[in-house]
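An overview of the molecular structure
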Amino acid sequence: MIRRHPLLSVLALLLLVLLAWAWANRQHLAAFPDIIGAYTAKEYCSCRYVSGNPAANCEGYVQQYVPISSLLDDEDARRVTASGLGRTHSAAWLGARQGCQLLPNE
């Protein structure tokens, strides 16, 4: 008598559905690592230099579920560099009318 395992069949089906979803959204998933560092750099810069909040307050403001590996705040240049998920992005304060803007990656 052949014994069937319905739980294994359900798990295999869920795995196939997950793989199909990941393949269909591969471009969006590939962009995700850039979003973490870019969002953190831009929002921290805006919080710190546009709104004028203290550094500790802005660090709590940009905290996310996905942790960042480094956050560098250059107060003299008003430039913020954030690294997360292997990608690094910078934002700089351009002036009172422009606010903060992400800088292109070199």
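Our subject is the structure listed above.
The following refers to the structure shown.

This brings us to the overall build of the protein. Across its full length, the protein carries 3 helices and 4 strands. Traced from its N-terminal end to its C-terminal end, the protein shows the element sequence α-α-α-β-β-β-β. Its C-alpha atoms give the protein a radius of gyration of 21 Å, clearly above 13 Å, the size a compact globule of 106 residues would have. Considered along the principal axes of its C-alpha atoms, the protein spans approximately 75 × 25 × 20 Å. Taken across its 106 residues, the protein has 25% of its residues classed as buried. Across the protein, contacts joining residues at least 24 apart in sequence account for 47% of those joining residues at least 6 apart. A total of about 8000 Å² of accessible surface is found on the protein, and carbon and sulfur atoms cover 60% of it. The averaged location of the 8 negative side-chain charges in the protein is 17 Å from the averaged location of its 9 positive side-chain charges.

The relative placement of two aromatic rings is captured by the distance of their centres and the angle of their planes. Applying the stated criterion across every chain, the model contains 0 aromatic pairs. Looking at arginine 26, its charged tip hangs above the ring of tryptophan 23, at a distance of 4.1 Å from the centre.

Calculation criteria
Residues numbered from 1 in each chain as written. Predicted model: local features only at pLDDT ≥ 70, side-chain atom pairs only at ≥ 80, totals over all residues. Heavy atoms only, no water. Helix = DSSP H or I, 4+ residues; strand = E, 2+ residues; numbered from the N terminus. Rg over C-alpha atoms; globule rule 2.2 N^0.38 Å. Buried < 20%, exposed > 50% of the residue type's maximum accessible area, 1.4 Å probe, protein only. Contact = heavy atoms within 4.5 Å. Areas by Shrake-Rupley, 256 points an atom, 1.4 Å probe, with all protein chains shown as cover. Lys, Arg positive; Asp, Glu negative; His and termini not counted. Charge placed at Lys NZ, Arg CZ, Asp CG, Glu CD. Phe/Tyr/Trp six-rings, centres within 6.5 Å; stacked < 30°, edge-to-face > 60°. Lys NZ or Arg CZ within 6 Å of the ring centre and 35° of its normal.

In short, shape yes, function no, at least from these values alone.
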